[in-house]
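Spelled out, the chains give:
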Amino acid sequence: MKLLQIKMYKKINYITAILVLVCGLGAQAQVTTSSPYSRYGLGNIKGSLLPQLRAMGGISTAVNKVSGFNYINMQNPASYAGITLTTIDIGMSAGLTNLQRNSLSENSFNATFSHLAFAAPVTRRSALSFGILPYSDLGYSYRNTVKIDTSTVDQLYQGEGGLSKAYLGYGYRFGDHLRIGANLEYIFGNLQTTRATEYPEDATAVFAKLQNKNSVGGLNYSYGLQYDFNIGKKTLMTIGYSGSSSGKVHSSQTFYATRYLRDASGNELTAIDTLSAVDNGRSNLTLPLSHNFGISIQQNDKWMIGADFRMGKWSATSINNVNQGLQDSWGASIGGQWTPDAFSYNSYMKRVDYRLGFNYDKTYIQINNQDIKQMGASLGFGFPLPTANGGTAFYKINFTTEVGQRGTLNNNLVKEQYINFHLGFTLNDTWFRRYRVD
């Protein structure tokens with residue numbers, strides 16, 4: 001009995017160490033993207049997807065358990081009901097971005113912590129999950145030069161920050177085929193934007209700047225269901241639905257409108273006066289209503305293919321009671337996973353999961369009557385590690401590469417090309433088991 005207690009204490013200490021590390025990383029996180037399109041709405045929406053799902057184009061609504069391995073699929077909390085082992089997933093992401101506009105080009109690199117998630121069965125029919133992951137990120141800095149009459153005017157735009165999501169979810173299975181679940185989510189973070197107007201050809205001009213910061217913190221919820229049935233002796237079909245509410249979360253706004261000058265070297269000087277100021281003004285942020293529909297077909301321990309369709313009511317999104325002028329979005333994904341032989345003893349590569357996917361989205365952004373669209377392809381692998389604890393603990397490293405494009409060069413817009421890398425470590429183990437001692 002003492003030996004069992006020691007093992008359990010070691011596992012609890014392991015979780016605590018990870019939580020402390022992740023909290024430290026999250027507290028130090030700054031700009032994690034360099035995209036002019038993150039200026040619109042709430043920034044670049046990340047999606048509640050772990051690397052193994054991103055590798056399949058982002059399909060998730062009808063994904064439960066693939067090749068017998070437990071995944072944490074917080075995009076559809078109904079999937080928690082299929083979790084049979086204690087599961088931990090932790091990871092990070094990195095990305096290379098190339099921005100093009102006319103003959104100009106710029107490259108950037110960003111890396112950040114991506115997620116920490118935990119799940120454990122509660123009963124034979126249910127499980128709970130909790131964790132933290134990014135909700136959106138904001139990062140841009142660019143200049144737009146225009147002519148007004150005979151004067152040259154520089155419009156400067158800057159933004160940084162983002163929102164994170166901490167969640168607590170529960171899933172339950174009714175009978176042998178129906179699963180339902182829900183997440184309670186806490187959305188929090190800061191969105192900081194700056195807009196300035198300068199006259200570079202007028203040495204006596206006084207410049208103007210608008211600085212806005214929204215500190216967000218509030219509750220929201222999401223929900224989902226899955227239903228599966230056999231269409232063959234070893235083949236299973238799953239249909240699923242998930243969605244999130246269009247709730248309002250609290251926001252504290254700080255706003256300054258100032259005037260300033262630059263010195264002979266072009267350095268910005270301290271503001272000469274403040275035209276308007278709001279400190280800690282109470283407001284709210286309206287999140288969009290979203291719907292996701294999915295279908296998947298799988299042969300246990302061998303392969304799975306699936307497709308998702310999603311919609312978002314972004315036209316109703318507002319910040320500080322101001323509609324953001326966004327349009328409703330929609331998108332689709334298709335992808336799958338293949339494992340040659342999950343139980344092979346003589347070939348490691350046959351035990352590896354091979355994943356491929358494609359996605360297409362009409363985003364909520366429209367500029368100059370031009371819809372901003374995004375498309376990409378993804379490739380990933382799940383590398384199994386040796387088992388432990390007498391074959392009751394299973395480990396897997398998941399690696400995913402995404403290649404995609406957003407925007408266009410038409411209408412003097414920006415084309416954004418990116419390569420994203422996602423790395424995750426997944427543990428499946430048998431914890432909290434009640435032992436009998438003779």
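The protein chain has the name Long-chain fatty acid transport protein in an unreviewed UniProt entry, where Pedobacter endophyticus is given as its organism.

Trainee: Quick one: what's the story with a nonpolar patch on the surface, residue by residue and with numbers?
Mentor: Together, Phe174, Leu178, Ile180, Leu225, Tyr227, Ile239 and Ile295 give the surface a local cluster of nonpolar side chains, amounting to about 550 Å² of exposed area. For the nonpolar patch, the elements supplying multiple residues, two or more each, are strand E8 (178–198) and strand E9 (207–230). Classification of isoleucine 239 as partly exposed rests on a relative accessible area of 39%.

Trainee: So what's going on with the pattern of salt bridges? Which residues, and what values?
Mentor: Overall, the coordinates contain 13 salt bridges when judged by the stated rule. Notably, a salt bridge pairs lysine 46 with aspartate 137, separated by 3.3 Å at the nearest N-O pair. Taken together, the positions of lysine 46 in the loop between strand E1 (44–45) and helix H2 (51–54) and aspartate 137 in strand E6 (residues 126–148) put the pair 91 residues apart, joining distant regions of the chain. Aspartate 328 is paired through a salt bridge with lysine 313; the nearest N and O atoms lie 3.5 Å apart. One end of the pair, aspartate 328, is in the loop between strand E16 (322–323) and strand E17 (329–338); the other, lysine 313, is in the loop between strand E14 (303–312) and strand E15 (318–319), and 15 residues separate them in sequence. Aspartate 328 gets classed as partly exposed once you look at its relative accessible area, which sits at 31%. Within this structure, Asp353, Arg355 and Lys396 form a network of salt bridges that share partners.

Cut-offs used in this document
- Residues numbered from 1 in each chain as written.
- Predicted model: local features only at pLDDT ≥ 70, side-chain atom pairs only at ≥ 80, totals over all residues.
- Heavy atoms only, no water.
- Patch = residues over 30% accessible without salt bridge, like charges linked within 9 Å, V, L, I, M, F, W, Y side chains within 5 Å.
- Areas by Shrake-Rupley, 256 points an atom, 1.4 Å probe, with all protein chains shown as cover.
- Salt bridge = Lys/Arg side-chain N within 4 Å of Asp/Glu carboxyl O.
- Helix = DSSP H or I, 4+ residues; strand = E, 2+ residues; numbered from the N terminus.
- Buried < 20%, exposed > 50% of the residue type's maximum accessible area, 1.4 Å probe, protein only.

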